[in-house]
Every structure is written in C-alpha cells, then in structure tokens.
Amino acid sequence: MGGFTLDDIMAARKPRDSWWTVFMVDPLACRLALLVANHTKITPNTLTRLSMLGGLASAVAFLEGALILGAVLFYLSFMVDCMDGKIARLKGTGTPFGLWLDYVGDRIRVVCCAFGLGFGEYSRSGDIDYLLAAVGVVLLDLFRYINGPQLKRVKDATRSLAQARMDGDCVFVESVLGSRPRTEVGRLADEVEDGRTLIDLQKEFHARFPWYDRFRVFLVRRRVRTHIVSGIEFHAAVFVVAPVLGSWALVPVSIGAGALLLAFEMFLVYRVWLAARQIPQGAPEREKILV
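These numbers come from a predicted model, not from an experiment.

### Description of the overall build of the protein
Of regular secondary structure, the protein possesses eleven helices and two strands. Moving toward the C terminus, one meets the helices and strands of the protein in the order α-α-α-α-α-α-β-α-β-α-α-α-α. Taken along the three principal axes of its C-alpha coordinates, the protein extends 70 × 50 × 30 Å. In the protein, which comprises 291 residues, the proportion classed as buried is 45%. Excluding contacts between residues fewer than 6 apart, the proportion of contacts in the protein whose partners are at least 24 apart in sequence is 79%.

### Here we look at unusual backbone geometry
Residues other than glycine seldom take positive phi values, yet R223 does so here, at roughly 65 degrees. Its place among the elements puts R223 in the loop between α9 (212-220) and α10 (231-245).

### Brief notes about the pattern of salt bridges
Following the criterion strictly, the structure yields eleven salt bridges and no others. Across the pair E204 and R277 runs a salt bridge whose closest N-O atoms are separated by 2.5 Å. Here the residue E204 occupies a position in helix α8 (residues 203-208), and R277 occupies one in the segment after α11 (250-276), the gap between them amounting to 73 residues. Given a relative accessible area of 16%, E204 falls into the buried group. With its nearest N and O atoms 2.9 Å apart, the salt bridge here joins R216 to D213. With R216 and D213 both in helix α9 and three residues apart, the pair spans about one turn of that helix. Among the charged side chains, a network of salt bridges with common partners joins D26, K86 and R223.

### Considerations on helix α3 (residues 44-63)
With 20 residues, α3 extends 29 Å from end C-alpha to end C-alpha; this agrees with the ideal 28 Å at 1.5 Å per step. If you follow the buried residues of α3, they end up packed against α4 (67-91), α5 (96-125) and α10. Looking at the residues trailing α3, positive phi occurs at G65, about 90 degrees.

Thresholds, definitions, all that
Residues numbered from 1 in each chain as written. Predicted model: local features only at pLDDT ≥ 70, side-chain atom pairs only at ≥ 80, totals over all residues. Heavy atoms only, no water. Helix = DSSP H or I, 4+ residues; strand = E, 2+ residues; numbered from the N terminus. Buried < 20%, exposed > 50% of the residue type's maximum accessible area, 1.4 Å probe, protein only. Contact = heavy atoms within 4.5 Å. Salt bridge = Lys/Arg side-chain N within 4 Å of Asp/Glu carboxyl O. Expected span 1.5 Å × (residues − 1).

So, in structure tokens, the structure goes:
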C-alpha cells in the first residue's frame, strides 16, 4: 500500500471548490481518503458506486419519513463522492468513464432523493406542495447542469472570436489570473506578456462591480470559488439542512435555496453577456487594449 500523507491528499484537492465542500465536507473527506488510499485497493469508480448506493439509501429513508437518517446518508454519500476525485488525482487512477459515472450518479441521487422526500411527505400529509417542491428541485438541478456547459461554450466562442480579431496576438486577463488567482485585476493594468495585447473581457463587469475583484481574492485565499450558491449548496440545503430542521422546512427551504441558485445562475449569464460585448473589433495599428 502507498505511504501517502495528509499533505498529499490536501494537494490532490481541487484548487477551488464550493464553500460547503471546503468547510463542511473536506475536513473529514480528506482524512477518510487518506485511509482509503493507504490501506485499501478501492478504485475511484468503486467509490462513485458506493456514493450512488448511499444516495439511494438516503432516498428510501426520506420516503419512509426518516428525515434525519436520510440527511445523514445524503451527507455521507456526497462525502464519498468527494473522495473519489481526490483518490483519482492522488494515484492517477481516474478514467474517462469515471467522469460519466460521477456525473450521472449525481443526477440519479438528486432525482431519487427529491422524489423520495416529495412522495414520502405527500403520502403522509396529503399536501401537494411537497410534490411540487420535488419537481421544482429536479428541474432546477437539470437547468444548473445544462446551463453550465452552455455558458462555457459561449465563453470559449467569445475568446476564440477575440483571438481571431486580434490575429491571435493577445492574452486574456482571465488566463493570467488563472496562474495567479490571488492577484487583483487592477495590478495587471500595465502588463503585456511577450508583447501581446492584454484583453480584459470582464472590463465592463469590473467597472460596474468594483468590489467583486477584492471579494474574489478573499475567497480564493480560502480555496472557495465565487459561485457561492451552486448545485452543491442547493443540494446541501434541500437534502441535509431542511430534513434536519423537519418536514415543515422542506418546502420553504427548497423555494429559498432554489431562488438563490437561480439568481446566481442568472448572474453568470449576465457576466457572459457583458463579456461578449467586450470583444475587440481588431487592432489595425496594434494599439494596446488594457484593462
């Protein structure tokens, strides 16, 4: 077995992650991943399957009215899901199929747990709001994981068009910040790498929200991504926090968390829209386009 250390596991974490994962899951998941890495031959795909089984067990518990048990099982299922990526990066044992399995497993867990809660509470109370909340949770989850890849396509297309108009002789502020995530945008104002033009596709966004860059750096120092309410926080609110509070909290927490998720998704759309308006028209005289 390998002689991995906790520092090795810490280095195998994602550079940035959701705040729920960073503060509420990773402290335990990293230590369990260390035990798995050093004392077992369990593969990342096996951990993903275990996570799926835990999610199904959580759904059954919700269906039977054991809300706290269901919340604990969902938390454990997500924690195991976090472990598989760490083991894959640590040992280099990840597979392309594992990416598909992990993605599909997450969606199955959410659908089963949502309808486990919805149908379970509806059967006990007769209140159709639980069913409507379950449908809403599933639809919002699907929207989140459809919207993400589409926004990435738009961002890639925007960057490609900007590069074409600048004859490829440019570098993007986001690329520079990617290698130095704790740097503030303002510090790059006069920097041009290798004589290329430095382009800030988020210039208009930064002008409208000057505080955002300092907020980003604050979060990055804590390994937290700026998308504060993502699918992970949404799931945690609906399937962990609300069940622990009790059946009375399921509908209002689902509505509140769903509204926050949708608001943050629209915020991402707004940023991409602003970036698309910042595409340079070209540089016939090689003028510098600075941030």
